Structure formats: C-alpha cells, structure tokens
Amino acid sequence: MLNSVPLELLQHRCGFFRCSDREQKIPDLEVATKFLKERTGFRLRPVAGQLTPRDFLSTLAFRVFCCTQYIRHPGEPLYTPEPDACHELLGHVPMLSDPTFAEFSQEIGLACLGAPDEYVEKLSSLYWFTIEFGICKESGELKAYGAGLLSSFGEMKHAIESNEAQRLPFDPHTMAEQKYSLVGYQNIYFYPNSFEEAIRKVRDYASAIPKPFHFRYNPYTEKIEVMTKQEEVTRCVRDIQAELDRLQRAVGKFELDV
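Below is a short write-up of the structure. (Residues numbered from 1 in each chain as written. Predicted model: local features only at pLDDT ≥ 70, side-chain atom pairs only at ≥ 80, totals over all residues. Heavy atoms only, no water.)

## Details of the pairing of strand 3 (residues 43-46)
Here is step 1: Inspection of the sheet shows strand 3 paired to strand 4 (residues 64-67) by 4 bridges, in the parallel sense. Each residue of the ladder has a partner; that of Leu 44, found in strand 4, is Phe 65.
Here is step 2: Crossover handedness for the path strand 3 to helix 3 (residues 53-60) to strand 4: right-handed. (Pairing = 2+ DSSP bridges. Helix = DSSP H or I, 4+ residues; strand = E, 2+ residues; numbered from the N terminus. Right-handed = clockwise from strand over helix to strand, strands pointing away.)

Structure (structure tokens):
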C-alpha cells in the first residue's frame, strides 16, 4: 500500500506550505511539477476551466495531469465543490509522486485512448471512485487514497466513519455504471482489500474495451505509438524481452549475494 513518504518529500522539496516562520504560501506549480517529474515522470498542466472527460483522461496517458490554480473560499475550508489548489497539491500531487499510483493513473488514461464515447463516460466514473474518492483496506482498516478525500477533512471522515455512507466491495463494472455527486459528499464508496487488487481489476476491465487500434506508450519519447504492422509489434516484444533479461540478471545477482 502507499505511504506518507511522498507527502513528506513534497513538504521538504516544495515548501509545503511554509517557506519561513513568518511567511506562508502555496507551492508554485512549476516547483511541484519538477518534483513529480523526478519521482514518476508526471507533469502538471494548468487549465482555466473544466475539460471534457475524454480530454482530461487522455492527458493521463502521457503522464500529464491538468490542474486548477484558484483557491477555495475561506468560509468553506473543509470542502469545495470544484477542484482548487488545495485539492491538487494536498490530494493529487503527493499521490502522483508514488510510482505505483502514478502507473495506476496512467492506466486509466491509456484505457481512454480510442475508446468509444460510452466507455469514456464509464472510465470517468471509474476515475471518480478511485483517483478522486477511493478508499482501500490496509491491515483490516479503511484508509483514503482519493484526492477528493485527502484534500477534504470533512469528507474523509464521512467516507471512513459515517454511518450514512455506503461502502461496497471494489468492482469496476459496478463503479463504471454508478452515478456520483458533484455538489456534496458522496453517498457510495468502493474499497478493494489491497491497492494491488484495484490495479489488477481496473486493468482487466480496461483490456475488454473495444478499440479500433493497438498502441503502446513509449516512456523514452513520451509518445503513443500506434501499432499497424506486425514488425512493430515484434520490435516491441523484442525490446520488452531485452528489459526482462536485464531484470532477471539483476534478480540473479541478488540471489547470489544472499
């Protein structure tokens, strides 16, 4: 399961939120982006307003996260109906600096590329109940990992402790069809027994989405490569096999050292 190390590193690297004993400020997005890029390859891209589900999710495929820059009203510090700087920097940035969670986020973005419109809406719901309002069991206890919960003390307590909230087992097919609230606390949350279970089930769900083409993300060029020829697939398999060989040699060395 994920831990608090990313938040501690972010606090140290980005002045989160105190830059001196007398002055407090919100970390600059450029500084936060540099931190993310070094940790997981993700970048922050400021946007002025809401994007369509397809546009927003598609950017995740390239390890780009679109974020807002305004700050919530001081009269409502515990909750904001729209994402703000607190939501992005307290919720999304620490989680995106975790390699496992970053990969999980990109998986949802990759699933969106080339998907029919009806599946994009389903992926949007899946994103909502994981990246935004996800909870997970760890050592038998429910814990929050969704950015909408991490940046809202009020809803975090509601999601984990309230008798008014319904908590259901993690099922991507159910989550993809579930309606969600944009104006208040959620009434339903979905929890896996481990974060690894969530990753596995989301990948299985995404693999069944019909698409007109096959592709891969090239981490070296940070581009999507559409595979239209058998030679391209063969080259991709060869590259992956070479990487596996290197990893197997590394594992063998560790075993010899032990």
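There is more to say, and it comes next.
## Re the side chain of Arg 216
Here is step 1: Mapped onto the elements of the fold, Arg 216 is located in strand 9 (residues 214-218).
Here is step 2: Leaving out residues up to four positions away in the same chain, Arg 216 has contacts with Lys 223, Ile 224, Glu 225, Met 227 and Cys 236. (Contact = heavy atoms within 4.5 Å.)

## Quick notes on the environment of Glu 225
Here is step 1: Checked against the element boundaries, Glu 225 lands in strand 10 (residues 223-227).
Here is step 2: With 11 residues separating them along the chain, Glu 225 and His 214 place their C-alpha atoms 8.6 Å apart.

## A short note on the nonpolar core
Here is step 1: Leu 44, Leu 57, Phe 65, Leu 123 and Tyr 127 are the most contacted members of the largest nonpolar core, which totals 51 residues.
Here is step 2: A per-element tally of this core places helix 6 (residues 117-132) first, with 7 residues.
Here is step 3: Once you skip the residues sitting within four places of it in the chain, Leu 123 turns out to touch Leu 57, Ile 108, Ala 111, Cys 112, Tyr 205 and Ile 209.
Here is step 4: If you look at the next biggest cluster of nonpolar residues, it comprises 5 residues, including Ala 61, Leu 110, Leu 113 and Tyr 217. (Core = buried A, V, L, I, M, F, W, Y, C linked by side-chain atoms within 4.5 Å. Buried < 20%, exposed > 50% of the residue type's maximum accessible area, 1.4 Å probe, protein only.)

## Considering the packing of helix 3 against helix 6
Here is step 1: It is the contact of helix 3 with helix 6, at a shortest axis distance of 10 Å, that shows an interaxial angle of 65°. Considering the angle they form, helix 3 stands roughly perpendicular to helix 6. Between helix 3 and helix 6 lies a crossing whose hand is left-handed. Taken together, the residues of helix 6 that come into contact with helix 3 (itself represented by Pro 53, Arg 54, Phe 56, Leu 57 and Leu 60) are Asp 117, Val 120, Glu 121, Leu 123, Ser 124 and Tyr 127. (Axes fitted to C-alpha atoms, helices over the stretch in contact; angles between N-to-C directions. Parallel < 35°, antiparallel > 145°, perpendicular 65-115°, else oblique. Left-handed = near helix turned anticlockwise from the far one by under 90°.)

As far as function goes, none of this settles anything; it's purely spatial.
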